[in-house]
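Remarks on the overall topology
This is what each chain is made of:
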Amino acid sequence: MTNVILLMTDQHRADALGCYGNPIVETPNLDWLASQGTRFTQAYTPSPSCVPARAALLTGMDPWHTGILGMGRGQGPMGVGFAHTLPGELAGAGYQTFGVGKMHFYPQRARNGFQETVLDESGREEDPGFVSDYRRWFLQQRSGPYDIVDHGIDWNSWMARPYHAPESLHPTVWTVNEALSFLERRDPSRPFFLKVSFARPHSPYDAPASYFDMYRDKAIPEPYRGDWDGLHDDPAEALRPDAWRGVKNHELIRRARIGYYGSITFIDHQLGRLFGALKKQRLFDSTLFVFLSDHGDMLGDHHLWRKTYAYEGSARIPLIIKPPGQGGSSPVQTVSKAVAIQDIMPTILDMLGLAIPTTVDGISMKGLLQGETAHKREFVHGEHSTCYSEEQEMQYVTDGRFKYIWFPRLGTEQFFDLRSDLSESADLADHPDWQEEAALWRRRLVEVLEQRNLGLTDGGKLVSQAGKPFIVSPHYQARLEASSFDWQRWERK
């Protein structure tokens, strides 16, 4: 049977890879993997922050059906109680399932179908007495009284500096070390599913010094600017060390991008270690590889930072799939159809010849990998609940060529022609020549939301949610009740 390795980075925007056209960032191992497989140019996250995106990956369900519409008000943790998960289905088919790195589950030691996990949960210590496996190892290995982020930069900050501890103690190295350890001790009589989930390039932008230095003199791309950027010129918010928006000077933005690019190249080099070990064990060619991220990072585009936005920097992700058993390149090098994270689970199951549970909303991409041009998904619908501010709660629809965004708490909209404006610099929502096309995409969003029967639409129109209760999916509470999840305990935290 075919082994499966799911490689996942955190907060990694699609245009920050060499194989996606970035002329500066060095990603030789991932570029080579892409050359052997298929690169999806229009892959999107259905909810651009960690928990909702990872829930969609885990279950193959849309956020509405996982019950997690973001990481904001009215939303809860991923929790447990999913009837079907990707690792659970593979375990049931005889696979040895192992997850290393960031899972972002709650309870934090929940398995959700994995038979074993070894965790790097960054700074999250949500269960009483929880210490991540990475932090416990770090404290045992360190040479002085410093901790995992004693460089003074917060987990969501725009600030950047080289890593404060020896390179060998960085979580990127630890994650690959643990993956290699699993390969050495796995049961060779069974196929395996290995998820290798990195905590970077998510902030802090703290690449080791040698990787920071790699980009100091490079021509780092400038942030995108547009005719609507004034919306996010917020001097008070900009002063915060973890600001989500606001004007920053050129050098601060450049330093953040240097640290971000350095983190990506560091991950790529560590993946080279993993690929080398797989080749040595004669496992590489027979393994199905999937590489993706949960969402992107705005990195100062349009005066925005972090994620949760519908814009390309936040919502478009890298996605590479290398089928097994191929000595050369894939028959399909690139796919431009719009696909989403929830499509990963049915694709893997379909490629392995396993049944796809009826709970899955995602659509298998197997046909696209084999050269088919028809695909059932016409567009991706994405959303995110109120998080940093009511202003950034959003709904969006896109096919990778056009994008329509609605801001429910503001009652406003944006429309972009991505074919000629991938930077989303020109908002065409009020342009007289684009009213018919924008109306088509608005209707598509209405058709999605009117099925919820929550007052988001009325008579084919979108209804402003200003001053109304935050949107909550009924599927979330139903799942918690079915799993005896201690919701009251979470609410008291």
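What counts and what doesn't
Residues numbered from 1 in each chain as written. Predicted model: local features only at pLDDT ≥ 70, side-chain atom pairs only at ≥ 80, totals over all residues. Heavy atoms only, no water. Helix = DSSP H or I, 4+ residues; strand = E, 2+ residues; numbered from the N terminus. Polar contact = N/O pair within 3.5 Å; in protein donor to acceptor, adjacent residues only side chain to side chain. Contact = heavy atoms within 4.5 Å. Phe/Tyr/Trp six-rings, centres within 6.5 Å; stacked < 30°, edge-to-face > 60°. Buried < 20%, exposed > 50% of the residue type's maximum accessible area, 1.4 Å probe, protein only. Core = buried A, V, L, I, M, F, W, Y, C linked by side-chain atoms within 4.5 Å. Pairing = 2+ DSSP bridges.

**A few points about the side chain of Arg377**
As for its position among the elements, Arg377 is in the loop between α12 (366-369) and β12 (380-384). Side-chain polar atoms of Arg377 contact the side chain of Asp343, separated by 2.7 Å. Setting aside residues up to four positions removed in sequence, Arg377 forms contacts with Ala338, Val339, Ala340, Gln342, Asp343, Asp361, Gly362 and Ile363.

**A closer look at the packing of aromatic side chains**
Applying the stated criterion to the full structure yields 26 aromatic pairs. Look at Phe402 and Phe415: their rings are 5.9 Å apart centre to centre, the planes differ by 5°, and that puts the pair in the stacked class. Remark: Phe415 occurs in strand β15 (residues 412-417) and Phe402 occurs in strand β14 (residues 402-407); sequence separation between them is 13 residues. Judged by relative accessible area, which is 6%, Phe402 ranks as buried.

**What about the nonpolar core?**
The nonpolar side chains of a soluble globular protein tend to be buried, and buried together. Counting 46 residues, the largest nonpolar core has Phe40, Leu292 and Leu319 as the members making the most contacts within it. Among the elements of the structure, β1 (3-10), α2 (50-59), α4 (86-92), β7 (287-293), β9 (319-322), α11 (344-351), α12 and α14 (474-482) are those that each provide at least two residues to this core. Counting residues per element, this core draws most heavily on α2, which supplies six residues. Once residues lying within four places of it in the same chain are set aside, the contact partners of Leu292 are Leu6, Leu7, Met8, Thr9, Leu57, Ile317, Pro318, Leu319, Ile341 and Ile344. Listed in part, the 42 residues of the second largest apolar core include Leu7, Cys19, Tyr146 and Ala277.

**So, the sheet that holds strand β6 (residues 192-201)**
The strand order across the open sheet formed by eight strands is β5-β4-β6-β1-β7-β9-β2-β10, and the pairing between neighbours is mixed. Each having just a single partner strand, β5 (116-119) and β10 (334-335) make up the two edges of the open sheet. Summarising the sheet, strand β2 (residues 38-40) and β9 pair through two bridges and their orientation is antiparallel. Note on β9: the bridge partner recorded for Thr38 is Ile321.

**As for the pairing of β7**
As a general feature of sheets, a regular strand has side chains that alternate between the two faces. Burial of β7 is extensive: seven of the seven residues sit out of reach of the surface. On β7, burial covers both faces: Thr287, Phe289, Phe291 and Ser293 on one face and Leu288, Val290 and Leu292 on the other are all buried. Alignment of β1 against β7, held across seven bridges, turns out to be parallel. Pairing of Thr9 across the sheet is with Ser293, part of β7. Relative to β9, β7 is paired through four bridges, and the arrangement is antiparallel.

**Here we look at unusual backbone geometry**
A cis amide bond links Tyr106 to the next residue, Pro107, at an omega of 0°. The topology assignment puts Pro107 in the loop between β4 (96-101) and β5. For the peptide bond that leads from Arg200 to Pro201, omega is 15°, which places it in the cis range. Of note, Pro201 is situated in strand β6. Even without being glycine, Asn112 reaches a positive phi, approximately 50°. Assignment of secondary structure puts Asn112 in the loop between β4 and β5.

**A short note on the environment of Glu116**
As for its position among the elements, Glu116 is in strand β5. Not counting residues up to four positions away in its chain, the partners in contact with Glu116 are Thr97, Phe98, Gly99, Arg111 and Arg185.

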